[in-house]
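Report on the structure
Here is what each chain is made of, one letter per residue.
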Amino acid sequence: MQEQHAIKHFAPSWFAVIMGTGGLANILFLWEGQFLWTWRPSLAVAALADVGYFLVLIPWLLRWVRHFDYVQRDLHHPVATNFFVTMPVATVILGTNLHLIWSPYLGRELVFGLLLACWGIAIAGVAFFTLFTTFRFIRAEASPAPETMNFSWIMAPIANMALLLLGNPVCGWAAQLCPQWCSTILVCNAAMLGIGFFLFLFISAIIFVRLALHPLPPAETTPTFGIILSAAGLAVSAVLDLGASARSLGLVTETGIFSLAAATLWGFGMWILALILVICAYQWRRGGIPFSLGWWAFVFPLAAYTIGSQKIALRFPSLLTRGYALALTVLLVGLWLYILGNTLRGVLRGTLFQGKPIAQPEA
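These figures come from a predicted structure and were not determined experimentally.

1. A word on the overall build of the protein
Broken down by element type, the protein carries twelve helices and two strands. Helices and strands in the protein line up, N terminus first, as β-α-α-α-α-α-α-α-α-α-α-α-α-β. Here the C-alpha radius of gyration of the protein, 20 Å, is about what a compact globule of 363 residues would show, namely 21 Å. Expressed along its principal axes, the backbone C-alpha trace of the protein runs to roughly 70 × 45 × 45 Å.

Here you go:
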């Protein structure tokens, strides 16, 4: 029996909406140098994402306070538990919007303070949920059912790599305002990349073995295949930006090796994107992919990979790299509009706030 309740059944994955929307705002802003008209849409989308962050944060916190039993149930659900980490990642995206889009309108010290606050909250949240989710499946006494094993399991590794989207700009701001902090921030960024990258290798190997031994997961979990694309996109940005930070601190003289490493990871993303398209086409032929909030798992990974592609196009300017980045942007905008429309429809109808109630003990 299903019931409708906006707080009790407020899915932990709601912050994925903010991640995807804020990421799109950054992408549009980065195109401003070639397409001046993208400036205004980037401001509008960023405002939507950043106001939306606080609108989502309120029911998310209320659920922890007033309906912790439902939070606890999701924390121990084999799929839902992986999406709690979207909250600190959304905080990272909020910080990147402040850095890229809103910083010209605010004082330098204020921006730096806000970025540090966002970064600190994100690190604390990612560290907690990474340890919780990884220990949860390590200590499990029973083997997980194959239908619950999908790429949502790599959300924690992805979140660690996503921290560098904000950590590297924080390092740049620190170089101007607090130079003595730069080495510490750079080491933290490198550590987070290491944690995320190696966890990604370990956990994704488990999922690929599951795919080799069992049929594809249910059609409704197909959007989780999109999550793996974010690993390639975030790794590209992390490697390029770490190289730039290291050079600014005098640790390296040339960043060419960082650019080549990033291009290698970018190529891996091409294969991932092609695989996702093939799987989606396969599921559409077999009856389609039911819409749910999980569809936002398509958006942020594509946004992360598009940003990485934009950076590759700057390092390796050519018709191929620029055209590919532009094609990804067009695909992302179309996908975002479609999913946003369906999400708003689900909110108005209340279908995105439905769930199974927790049985109350008999008196």
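2. Considering a nonpolar patch on the surface
Together, Tyr105, Leu106, Leu110 and Leu114 line one region of the surface with nonpolar side chains, adding up to about 360 Å² of accessible area. In this structure leucine 110 comes out as partly exposed when scored by relative accessible area, which is 45%.

3. Regarding the pattern of salt bridges
As enumerated under the stated definition, the model contains three salt bridges in all. A salt bridge links glutamate 3 to lysine 8; the nearest nitrogen and oxygen atoms lie 3.9 Å apart. The salt bridge partner of arginine 63 is aspartate 74, with a shortest N-O separation of 2.7 Å. Remark: aspartate 74 occurs in helix α3 (residues 68–75) and arginine 63 occurs in helix α2 (residues 39–66); sequence separation between them is eleven residues. Here arginine 63 matches aspartate 74 in class, with each residue buried.

4. Describing helix α12 (residues 319–349)
The end-to-end C-alpha distance of α12, which contains 31 residues, comes to 45 Å, matching closely the 45 Å that a straight helix rising 1.5 Å per residue would cover. Among the residues of α12, those classed as buried are Thr321, Tyr324, Ala325, Leu328, Thr329, Leu332, Trp336, Ile339, Leu340, Asn342, Thr343 and Gly346. Buried-residue contacts for α12 involve α1 (15–30), α2, α10 (256–285) and α11 (299–315). Positioned one or two residues after α12, glycine 350 has a phi angle of 80 degrees, which is positive.

5. What to know about the environment of aspartate 241
In this structure, aspartate 241 sits in helix α9 (residues 227–248). Using a relative accessible area of 17% as the deciding quantity, one classes aspartate 241 as buried. Along the sequence, aspartate 241 and isoleucine 257 sit 16 residues apart, while their C-alpha atoms lie 12 Å from each other. Non-local contacts of aspartate 241, meaning those with residues more than four positions away in its chain, are made with Asn168 and Lys311.

6. Here's the deal with the packing of helix α8 (residues 182–213) against α9
Put simply, α8 and α9 touch, their axes get as near as 11 Å, and they point 155 degrees apart. Judged by the angle between their axes, α8 and α9 are roughly antiparallel. α8 and α9 meet at a crossing whose hand is left-handed. Each of Leu186, Asn189, Ala190, Leu193, Phe200 and Phe208 in α8 lies in contact with α9, whose residues at this interface are Ile228, Ala231, Ala238, Leu242, Ser245 and Ala246. Looking at the contact of α8 with α9 residue by residue, the class counts come to ten nonpolar, two polar and no charged.

7. Notes on the nonpolar core
Phe15 and Trp296 are the most contacted members of the largest nonpolar core, which totals 112 residues. Sorting elements by how many residues they give to this core places α9 first, with twelve residues. Those residues in contact with tryptophan 296 that lie beyond four places of it in its chain are Ala16, Val17, Thr21, Pro301, Trp336, Ile339, Leu340 and Thr343.

Scoring rules and cut-offs
Residues numbered from 1 in each chain as written. Predicted model: local features only at pLDDT ≥ 70, side-chain atom pairs only at ≥ 80, totals over all residues. Heavy atoms only, no water. Helix = DSSP H or I, 4+ residues; strand = E, 2+ residues; numbered from the N terminus. Rg over C-alpha atoms; globule rule 2.2 N^0.38 Å. Patch = residues over 30% accessible without salt bridge, like charges linked within 9 Å, V, L, I, M, F, W, Y side chains within 5 Å. Areas by Shrake-Rupley, 256 points an atom, 1.4 Å probe, with all protein chains shown as cover. Salt bridge = Lys/Arg side-chain N within 4 Å of Asp/Glu carboxyl O. Buried < 20%, exposed > 50% of the residue type's maximum accessible area, 1.4 Å probe, protein only. Expected span 1.5 Å × (residues − 1). Contact = heavy atoms within 4.5 Å. Axes fitted to C-alpha atoms, helices over the stretch in contact; angles between N-to-C directions. Parallel < 35°, antiparallel > 145°, perpendicular 65-115°, else oblique. Left-handed = near helix turned anticlockwise from the far one by under 90°. Nonpolar A, V, L, I, M, F, W, Y, C, P; charged D, E, K, R; others polar. Core = buried A, V, L, I, M, F, W, Y, C linked by side-chain atoms within 4.5 Å.

Interpretation note: all reported values are geometric properties and have no functional meaning in isolation.
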